[in-house]
Amino acid sequence: MTLGIGVVGAGYWGPNLVRNFRSSPDWDLVAVCDLDEAKARRVIGDRSTIEVETSLERLLARDDIDAVAIATPAQTHSPIALAALQAGKHVLVEKPLADSHPVGAQMVQVADQHDLVLMTDHTFCYTPVVQRIGELIADGVLGEILFIDSVRINLGLIQPDVNVFWDLAPHDLSILDYVLPGGLRPVSVGAQGADPLGAGNVCVGYLTMPLPGGAIAHVHVNWLSPTKIRQMVIGGSRQTLVWDDLNPQQRLSLYDRGVDLHSVSADATERARAQVSYRLGDMHAPTLPEREALAIMAGEFAAAINEKRAPRTDGRAGLRVLEVLEAADRSLAEGGALVPVESTVLTTGGAS
Ligand SMILES: NC(=O)c1ccc[n+]([C@@H]2O[C@H](COP(=O)([O-])OP(=O)(O)OC[C@H]3O[C@@H](n4cnc5c(N)ncnc54)[C@H](O)[C@@H]3O)[C@@H](O)[C@H]2O)c1
């Protein structure tokens, strides 16, 4: 069934949503809403039949709209999403889900109460490369996860209202949440950061997350790096993958190389004497299909509504990312100490 949608927010990111919902076979893009009418009009062009709206209230009162996609600044996500849910519309909200965890939890609860889909646009999760990484992990190709190292650095726009963790790390965290079985549930979070220029916010950040079972994940985000690096290494007991997002010819490499430890003893001294051997096997670069992530994301949103199920990146996935970001803020305030993640007590279920 084709569903009607309105996009709210036609700034930098909104036009990408407009383009993808417009060309999706699952969706009928009915209207684009922005407080600034000229921006909304520019996105759809002069000769389009898509309507322009400047009032959210009027948009939500339309009965030809089943859902809204929200691409407004993070602090406005929750009031717009709550109004849409109260009006009976399914909601897709840009990352981050909300600007704080309690507010995000309220969005999830309201969506559940109304039996509506609440989806977070964790765009990277819908890229062919992340989808493949998720499959490789789920199929056991990497074996047991031992470590994860993610680097997302470049000369970035220094944000006045959020630190570099809130700006860049949602990408890494949502990817980890997507590919790790059971989602991202670190044992604790340690965040170290610096504002060496005195810009008013942490511009260089290191996030350390011990994972259940003894593995560890590390995320480096930085607005001050003259070189751009987008790289993630996921080390497994069988194979290790390297994802270099800036290398389209070989975005993903799988290495049959690693360290094997031969010991059956539970005793620590015995284990220390265990035999170590190095596997030096082949490297393999899987081919990946070329598909736009937002097109896949739009399809998943429609499928979740039609099949009355939670989407892959539901509101709860958005909450798990917020839990880590808030733990990072607490850790920063405690000088980088490892702090526990305050996990949501929301019961599972619902479509959000
Ligand atoms: N998924 C991604 O990779 C990705 C990338 C960039 C931005 N984003 C997210 O997209 C969202 C928007 O970011 P942006 O850079 O496009 O911001 P922006 O400031 O360029 O655009 C926001 C637009 O929203 C409009 N707006 C604000 N409040 C409104 C309201 N109440 N009703 C209607 N319109 C309203 C503004 O007029 C503006 O045109 C943010 O949440 C951001 O985190 C996601």
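Above this text you will find the structure in question.
Here the structure is a predicted model, which is why all the values come from computation and not from measurement.

(A) Spotlight on the overall build of the chain. Secondary structure summary: the chain contains 10 helices and 15 strands in total. A principal-axis box enclosing the C-alpha atoms of the chain has dimensions of 70 × 45 × 45 Å. Taken across its 352 residues, the chain has 52% of its residues classed as buried. For the chain, contacts bridging at least 24 residues in sequence account for 67% of all contacts bridging at least 6. Working note: accessible area of the chain is about 16300 Å², and carbon and sulfur atoms make up 52% of it. Looking at the chain, you have 28 positive and 43 negative side-chain charges, and the mean spots of the two groups are 4 Å apart.

(B) Here's a closer look at the sheet that holds strand β4 (residues 67–70). The six strands are arranged β3-β2-β1-β4-β5-β6 in an open sheet whose pairing can be described as parallel. The open sheet terminates on both sides in strands that have one partner only, identified here as β3 (51–53) and β6 (118–121). Ignoring which end each strand starts from, the neighbouring axes of this sheet average 25° apart. As paired strands, strand β5 (residues 90–94) and β6 are joined by four bridges and run parallel to one another. Its bridge partner lying in β6, Leu-92 is registered against Met-119.

(C) Up close: the sheet that holds strand β9 (residues 204–210). Taken in spatial order, the nine strands of this open sheet run β14-β13-β12-β11-β7-β10-β9-β8-β15, and their pairing is mixed. This sheet does not close on itself; its edge strands, each paired only once, are β14 (275–284) and β15 (339–340). Looking at chain direction, strand β7 (residues 145–155) and strand β10 (residues 216–222) are connected through seven bridges and run parallel. Counted as the bridge partner of Phe-147 is Ile-216 from β10. Contacts from helix α10 (residues 315–333) reach β8 (188–194), β9 and β15, with the element oriented near 60° to β8.

Definitions and cut-offs
- Residues numbered from 1 in each chain as written.
- Predicted model: local features only at pLDDT ≥ 70, side-chain atom pairs only at ≥ 80, totals over all residues.
- Heavy atoms only, no water.
- Helix = DSSP H or I, 4+ residues; strand = E, 2+ residues; numbered from the N terminus.
- Buried < 20%, exposed > 50% of the residue type's maximum accessible area, 1.4 Å probe, protein only.
- Contact = heavy atoms within 4.5 Å.
- Areas by Shrake-Rupley, 256 points an atom, 1.4 Å probe, with all protein chains shown as cover.
- Lys, Arg positive; Asp, Glu negative; His and termini not counted.
- Charge placed at Lys NZ, Arg CZ, Asp CG, Glu CD.
- Pairing = 2+ DSSP bridges.
- Axes fitted to C-alpha atoms, helices over the stretch in contact; angles between N-to-C directions.

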